[in-house]
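# Close look at the chain arrangement
What follows is the residue order along each chain.
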Amino acid sequence: EPEVTQTPSHQVTQMGQEVILRCVPISNHLYFYWYRQILGQKVEFLVSFYNNEISEKSEIFDDQFSVERPDGSNFTLKIRSTKLEDSAMYFCASSEGLRGYGYTFGSGTRLTVV
Amino acid sequence: KNEVEQSPQNLTAQEGEFITINCSYSVGISALHWLQQHPGGGIVSLFMLSSGKKKHGRLIATINIQEKHSSLHITASHPRDSAVYICAVRRDDKIIFGKGTRLHILP
């Protein structure tokens, strides 16, 4: 069964440092997403990406965040200057299409900002 | 007000019991997802529904588009079903998540 792969599974970083979270979506999928879940809270949408550009983003996704598909396989989320409140589980997901298509989620990256 | 509401928030049941988790939403959607999140944090997609009913093993999901309501049922529940079950609705190009229902099945 095809999988969405995320690396690393856990990252600890100092406040103010830049982090890059990596995802390898399923190869024939065209829509890519990042979500986050702060401990004890619900999963929140961050950003969707299609055709090499952001198609929608939430109010959480401010100038500190950016996404990129640097090659044909990777999809990255960069946080420029991490804050303590960025500590969360970050999930990548991909989908083959919009209507009528399901999502496949990665297993997540737990980011801890100290 | 949350756009996606789940009930109950927490549910403890004995092994073998029939489980129902409910989800109501207030926005127009193109699809509804039921997801399972285990203690390790990983999310698994169980169902995607846009109408009617779907069954997979002991899991059944139904949706009533007119009433903006969906249910997830687990028959013959087992301790390994213990997890957080999340209802999420797809609206345009994003998903809105419910807060989840924490299910604990006792042996």
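Here, the structure is the one placed above.
Thresholds, definitions, all that
Residues numbered from 1 in each chain as written. Chains lettered and ligands numbered in written order. Predicted model: local features only at pLDDT ≥ 70, side-chain atom pairs only at ≥ 80, totals over all residues. Heavy atoms only, no water. Helix = DSSP H or I, 4+ residues; strand = E, 2+ residues; numbered from the N terminus. Buried < 20%, exposed > 50% of the residue type's maximum accessible area, 1.4 Å probe, protein only. Contact = heavy atoms within 4.5 Å. Areas by Shrake-Rupley, 256 points an atom, 1.4 Å probe, with all protein chains shown as cover. Pairing = 2+ DSSP bridges. Axes fitted to C-alpha atoms, helices over the stretch in contact; angles between N-to-C directions. Polar contact = N/O pair within 3.5 Å; in protein donor to acceptor, adjacent residues only side chain to side chain. Core = buried A, V, L, I, M, F, W, Y, C linked by side-chain atoms within 4.5 Å.

Summing up its helical and strand segments, chain B has 0 helices and 11 strands in all. With the C-alpha coordinates aligned to their principal axes, the bounding extent of chain B is approximately 40 × 25 × 20 Å. The buried share of chain B, taken over its 107 residues, is 48%. Across chain B, the fraction of contacts at a sequence separation of at least 24, relative to all contacts at a separation of at least 6, is 53%. As presented, chain B carries roughly 5100 Å² of accessible surface, and 48% of it is formed by carbon and sulfur atoms.

So, on to the sheet that holds strand 8 (residues 69-74) of chain B. Residues and elements named next belong to chain B. Spatially, 5 strands are ordered 1-3-8-7-6 in an open sheet, and the strand pairing comes out antiparallel. The open sheet has two free edges, formed respectively by strand 1 (4-7) and strand 6 (52-56), since each of these has just one partner strand. Averaged over all adjacent pairs, the angle separating strand axes in this sheet is 15°, with direction ignored. As paired strands, strand 1 and strand 3 (residues 19-25) are joined by 4 bridges and run antiparallel to one another. Residue pairing across strands places Ser7 opposite Asn22, the latter belonging to strand 3.

This brings us to the sheet that holds strand 1 (residues 5-7) of chain A. Residues and elements named next belong to chain A. With antiparallel pairing, 4 strands are arranged side by side in an open sheet as 1-3-8-7. Two strands lie at the open edges of the sheet, namely strand 1 and strand 7 (65-68), each paired on one side alone. Between one strand and the next, the sheet's axes are offset by a mean angle of 20°, whatever the strand orientation. Here 5 bridges tie strand 3 (residues 19-24) to strand 8 (residues 75-79), and the two strands are oriented antiparallel to one another. Within strand 8, the residue paired with Arg22 across the bridge is Thr76.

What follows concerns the side chain of Ser82(B). Residue and element names in this part refer to chain B. Counting through the fold element by element, Ser82 comes out in the loop between strand 8 and strand 9 (83-91). Here the side chain of Ser82 touches Pro79 through a polar contact of 2.9 Å, landing on its backbone oxygen. Reaching out from Ser82, the side chain makes a polar contact with the backbone nitrogen of Ile105 at a distance of 2.9 Å. When near neighbours in sequence (up to four residues on either side) are disregarded, Ser82 contacts His38, Leu103, His104 and Ile105.

Attention now moves to the nonpolar core. By size, the foremost hydrophobic cluster in this structure holds 24 residues, and its most contacted members are Leu32(B), Trp34(B), Leu72(B) and Tyr85(B). Listed by contribution, the elements that provide at least two residues to this core are strand 3, strand 4 (31-37), strand 5 (43-49), strand 7 (59-64), strand 8, strand 9 and strand 11 (101-106) of chain B. Residues contacting Leu72(B), with those up to four places away along its chain left out, are Ile19(B), Thr20(B), Ile21(B), Trp34(B), Leu46(B), Phe47(B), Ile60(B), Ala61(B) and Tyr85(B). Listed in part, the 23 residues of the second largest apolar core include Val47(A), Phe75(A), Leu77(A) and Val113(A).

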